[in-house]
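Each chain is listed here by its residues.
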Amino acid sequence: MSAEKPAEQAAPALAELRQEIDRIDEAMHRLLMERGTIIDRLIASKKASKTGIASAFRPGREASMMKALAERHEGLLPLDTVESIWRVIIGTFTYVQSNYSVHADISGGDAPMRDSARFHFGFTVPYVTHPSAAAVIEAVASSGGDLGIFRLDQGATSGAWWRTLADRNRPKVIARLPFIERPDHPAGTPVFVISKPLVDAAVRDVVLYAAQFERWHRGANQALVRLGGEVVASAADAHGLSELIAVPGTVEPAELHETLTKAGASLAQLAEVGSHAERFHVK
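If you're wondering where the values come from, they're calculated on a predicted model, not measured in any experiment.

Here is what the cut-offs are and how they apply
- Residues numbered from 1 in each chain as written.
- Predicted model: local features only at pLDDT ≥ 70, side-chain atom pairs only at ≥ 80, totals over all residues.
- Heavy atoms only, no water.
- 1 Å grid on protein atoms, 1.4 Å probe; cavity = no way out; pocket = protein on both sides within 12 Å on 5 of 7 lines; lining within 4 Å.
- Points joined across faces, edges and corners; volume = space filled by probe spheres on them.
- Nonpolar A, V, L, I, M, F, W, Y, C, P; charged D, E, K, R; others polar.
- Pairing = 2+ DSSP bridges.
- Helix = DSSP H or I, 4+ residues; strand = E, 2+ residues; numbered from the N terminus.
- Salt bridge = Lys/Arg side-chain N within 4 Å of Asp/Glu carboxyl O.
- Expected span 1.5 Å × (residues − 1).
- Buried < 20%, exposed > 50% of the residue type's maximum accessible area, 1.4 Å probe, protein only.
- Contact = heavy atoms within 4.5 Å.
- pLDDT = per-residue confidence, 0-100.
- Core = buried A, V, L, I, M, F, W, Y, C linked by side-chain atoms within 4.5 Å.
- Axes fitted to C-alpha atoms, helices over the stretch in contact; angles between N-to-C directions.
- Parallel < 35°, antiparallel > 145°, perpendicular 65-115°, else oblique.
- Left-handed = near helix turned anticlockwise from the far one by under 90°.
- Polar contact = N/O pair within 3.5 Å; in protein donor to acceptor, adjacent residues only side chain to side chain.

A volume near 390 Å³ is recorded for the largest pocket. Lining of the largest pocket is provided by Met-28, Leu-31, Leu-32, Arg-35, Leu-69, Arg-72, His-73, Leu-77, Val-82, Ile-85, Trp-86 and Ile-89. Among the residues making up the lining of the largest pocket, the classes are represented as 9 nonpolar, 1 polar and 2 charged.

Rendered as structure tokens:
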């Protein structure tokens, strides 16, 4: 009889723990439904104020939310799982507010781009493939409010695609994914997100410029680094050298222009092509 007591005592404990799990699951579901009710009120409020719902994507707010999530996370559940759950919640509720598709450049392979789109935006949002970054940009430009994603490392053969973002009303880079960077991220391919220009929703921790040079000087790279910037991509064409440059949002265009010119680079054009949140790394 004494040998059976531990098993008899363990059984109620297991049942109680499972009841606790069921209680938490139900509470989580009810909170999601409550979130949906608030989103519904938000949509009604926007319609009543005639502000529209085309700019439901808020990259700055999302980046802040994901950073806070990573900073407070602890315990048994992997951060990958927690991040993916929140990304699906955010992406899906954004889709509910304003139906959109994600256009992806699969010139470097479909699998990493599909992983990125599904991890960051969920399975509800339509996923549309294209053969190049340029094709993604044109698809977003002609859409009603879609997003586009493409890899940062396009390679020299893709040309200076960033120049097509330079005109004022053209699509702009609004985010860099993943929001949380760490080794072995399940959707860790670095990608830019583009949309039609955002106003109040844009975040300017890092600002991107399309720069056209008649002449480049190696000292310009060092000068750019001293500003806290970097050359993201470059391509030569008939007019000289075109570069996609990223600098902190605190650096004014005039300061950037002056710094590069003083370093010996002959700068013919400098146009802002987007911005994104500062990268957040998890060890």
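Take the pairing of strand S2 (residues 127-130) next. For strand S1 (residues 102-105) and S2, the ladder comprises 4 bridges, and the chain directions are parallel. Its bridge partner being in S2, Asp-105 is matched across the sheet by His-130.

Our focus in this paragraph is the pattern of salt bridges. A complete count under the given rule lists 12 salt bridges for this structure. Glu-26 is the partner of Arg-30 in a salt bridge, and the nearest nitrogen-oxygen pair spans 3.1 Å. Remark: Glu-26 and Arg-30 occur in helix H1 (residues 5-49); sequence separation between them is 4 residues, near one turn of the helix. Within the structure, one salt-bridge network assembled from shared partners comprises Asp-80, Glu-83 and Arg-182.

On to helix H4 (residues 110-121), then. Here H4 spans 16 Å end to end across 12 residues, near enough to the 16 Å set by a 1.5 Å rise per residue. Along H4, the residues classified as buried are Met-113, Ser-116, Ala-117, Arg-118, Phe-119, His-120 and Phe-121. Close packing links the buried residues of H4 with helix H3 (79-97), S1, S2, strand S3 (147-151), strand S4 (172-177) and strand S6 (191-195).

A cis amide bond links Leu-177 with the next residue in sequence, Pro-178, at an omega value of 0°. Position of Pro-178 among the secondary structure elements: in the loop between S4 and strand S5 (180-181). In the Ramachandran plot, Asp-184 falls in the positive-phi region, its phi being about 60° despite a non-glycine side chain. By the secondary structure assignment, Asp-184 is in the loop between S5 and S6. In this structure Asp-184 comes out as exposed when scored by relative accessible area, which is 75%.

Okay, the confidence of the model for the protein next. Confidence along the protein averages 89 in pLDDT terms, with 93% of residues attaining 70 or more. Between the elements of the protein, mean pLDDT differs from a low of 85, seen in H1, to a high of 98, seen in S2.

As a rule of thumb, nonpolar side chains are buried together in soluble globular proteins. Ranked by internal contacts, the top residues of the largest apolar core, which has 30 residues, are Tyr-100, Val-102, Phe-121, Leu-147, Ile-149, Ile-174 and Val-193. Within the residue set of this core, elements represented by two or more residues are helix H2 (59-72), H3, S1, H4, S3, S4 and S6. Residues contacting Val-102, with those up to four places away along its chain left out, are Ala-117, Phe-121, Val-125, Pro-126, Tyr-127, Val-128, Leu-147 and Ile-149. Counting residues in hydrophobic clusters, the runner-up holds 20 residues, among them Val-136, Val-140, Leu-152 and Ile-194.

Moving on: the packing of H2 against H3. It is the contact of H2 with H3, at a shortest axis distance of 11 Å, that shows an interaxial angle of 155°. With respect to H3, the axis of H2 lies roughly antiparallel. As H2 runs across H3, the sense of the crossing is right-handed. Counted together, Glu-62, Met-65, Met-66, Leu-69, Ala-70 and Arg-72 of H2 and Leu-79, Val-82, Glu-83, Trp-86, Arg-87, Ile-90 and Thr-94 of H3 form the full contact between these two elements. Across the contact of H2 with H3, the residue classes break down as 8 nonpolar, 1 polar and 4 charged.

Looking at the secondary structure, you find Gln-212 in strand S7 (residues 206-215). At 3.4 Å, the side chain of Gln-212 and the side chain of Ser-242 are in polar contact. Not counting the four nearest positions on each side in its chain, Gln-212 is found in contact with Arg-163, Asp-237, His-239, Gly-240, Leu-241, Ser-242, Ser-266, Leu-267, Ala-268 and Gln-269.

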